[in-house]
Amino acid sequence: MNNEQWQAIIQNDKNYDGLFYYAVKSTGIFCRPSCKSRPPKKENVRIYSEVKEALQEGFRPCKRCKPTGLRLPDEEWMTQIKAYIDNHYNESLTLHTLADIGHGSPYHLQRTFKKVLGISPMEYMQQIRINKAKEYLVTTNKPMVEIGAAIGMSNIPYFITVFKKVTGLTPFQYRKKESPPNE
């Protein structure tokens, strides 16, 4: 990537549309230079002269700028968002962050995720976090503070409240009930 291409990406310059496309390794998505999505980190960008090159490398077209001219099917878009949550559940994710990563609007993402998966992105992330917490509680002796931090919920009272709301038990009660007895 040369400096001119990087400047076109940063400035969302539509004069470069069709001359090249850029893909972002961290999201697996490729865009037109004029895409209004949040600018990627320079080290994550790969440049392609044609759409088919990006597709052959396994990148998916951006939902926002539609570099192929076609709209990405909702199911495929939600699979991307779901996979991102699965791999980053322990980070501080918001609907706006997910929308930026998925190159869509927060409102459209929320509505589409719920339509396709039956729950909101944040409800899905909470399920992942609680399931991971259950796993830690049964398979480790980590204290609640460490488990909360490991699943992205460093506010321990909030972690305990959410865990109890979802499971009906506090994390301590769950660990005691589900852990095998010591011999």
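Residues numbered from 1 in each chain as written. Predicted model: local features only at pLDDT ≥ 70, side-chain atom pairs only at ≥ 80, totals over all residues. Heavy atoms only, no water.

Draft legend 1. Looking closely at the overall build of the protein. Looking only at helices and strands, the protein features nine helices and four strands. In the protein, the succession of α and β elements from N to C terminus is α-β-β-β-α-β-α-α-α-α-α-α-α. Counting only C-alpha atoms and orienting by the principal axes, one finds that the protein spans roughly 70 × 35 × 25 Å. Across the protein, the fraction of contacts at a sequence separation of at least 24, relative to all contacts at a separation of at least 6, is 57%. Mean positive and mean negative side-chain charge positions of the protein (27 and 18 charges, respectively) differ by 6 Å. (Helix = DSSP H or I, 4+ residues; strand = E, 2+ residues; numbered from the N terminus. Contact = heavy atoms within 4.5 Å. Lys, Arg positive; Asp, Glu negative; His and termini not counted. Charge placed at Lys NZ, Arg CZ, Asp CG, Glu CD.)

Draft legend 2. Broad picture of the layout of surface pockets. Space inside the largest pocket adds up to approximately 250 Å³. Taken together, 15 residues line the largest pocket, and the ones lying closest to its centre are Val24, Ser26, Thr27, Arg38 and Pro40. Mapped onto the lining of the largest pocket, the elements with two or more residues apiece are strand E1 (21–24), helix H3 (74–88) and helix H4 (95–102). (1 Å grid on protein atoms, 1.4 Å probe; cavity = no way out; pocket = protein on both sides within 12 Å on 5 of 7 lines; lining within 4 Å. Points joined across faces, edges and corners; volume = space filled by probe spheres on them.)

Draft legend 3. Fine view of the nonpolar core. Core analysis: the largest hydrophobic core is formed by 29 residues, its most contacted members being Ile81, Ile85, Leu109, Phe113, Ile151, Phe159 and Phe163. At the level of secondary structure, the elements contributing two or more residues to this core comprise H3, H4, helix H5 (106–117), helix H6 (121–139), helix H7 (144–150) and helix H8 (156–167). With six residues, the top contributor of residues to this core is H6. If near-sequence neighbours (up to four positions away) are discounted, Ile151 is found in contact with Tyr89, Asn90, Arg129, Lys132, Ala133, Tyr136 and Phe159. Listed in part, the 13 residues of the second largest apolar core include Ala8, Ile29, Cys31 and Cys35. (Core = buried A, V, L, I, M, F, W, Y, C linked by side-chain atoms within 4.5 Å. Buried < 20%, exposed > 50% of the residue type's maximum accessible area, 1.4 Å probe, protein only.)

Draft legend 4. Layout of the sheet that holds strand E3 (residues 45–48). Taken together, the four strands give an open sheet; going across it, the order is E3-E1-E2-E4, and neighbouring strands pair in mixed fashion. Looking at strand neighbours, the two that pair on one side only are E3 and strand E4 (60–61), the edges of this open sheet. Where E1 and strand E2 (residues 29–31) come together, three bridges link them in antiparallel fashion. In the strand pairing of E2, Tyr22 is matched with Cys31. (Pairing = 2+ DSSP bridges.)

Draft legend 5. A look at the packing of aromatic side chains. On inspection of all chains with the given rule, the structure shows five aromatic pairs. Here the aromatic rings of Phe113 and Tyr124 are separated by 6.0 Å at their centres, their planes lie at 55°, and the arrangement is tilted. Here Phe113 is found in helix H5, whereas its partner Tyr124 is found in helix H6, with 11 residues between them in sequence. An angle of 75° between the planes, with centres 5.5 Å apart, marks the rings of Phe163 and Tyr174 as edge-to-face. Placement of the pair is Phe163 in helix H8 and Tyr174 in helix H9 (residues 171–178), with a sequence separation of 11 residues. Taken as a pair, Phe163 and Tyr174 share a single burial class, namely buried. (Phe/Tyr/Trp six-rings, centres within 6.5 Å; stacked < 30°, edge-to-face > 60°.)

Draft legend 6. Main features of the environment of Met144. Following the sequence through the fold, Met144 ends up in helix H7. In this view, Met144 contacts Leu137, Ile156, Phe159, Pro171, Phe172 and Arg175; residues no more than four positions away in its chain are not counted.

Draft legend 7. The arrangement of H6 in detail. The terminal C-alpha atoms of H6, which comprises 19 residues, lie 27 Å apart, in line with the 27 Å expected from a rise of 1.5 Å per residue. On its buried face, H6 sits against H3, H4, H5, H7, H8 and H9. (Expected span 1.5 Å × (residues − 1).)

Draft legend 8. Examining H3 more closely. When the terminal C-alpha atoms of H3 are compared, their 21 Å separation across 15 residues agrees well with the 21 Å that a helix rising 1.5 Å per residue should span. Taken as a whole, H3 has its buried residues at Asp74, Trp77, Met78, Gln80, Ile81, Tyr84 and Ile85. Mapping the buried residues of H3 onto a view down its axis gives an arc of 150°, with all of them on the same face. Those residues of H3 hidden inside the fold are in contact with E2, E4, H4, H5 and H6. (Arc of directions from axis to C-beta.)

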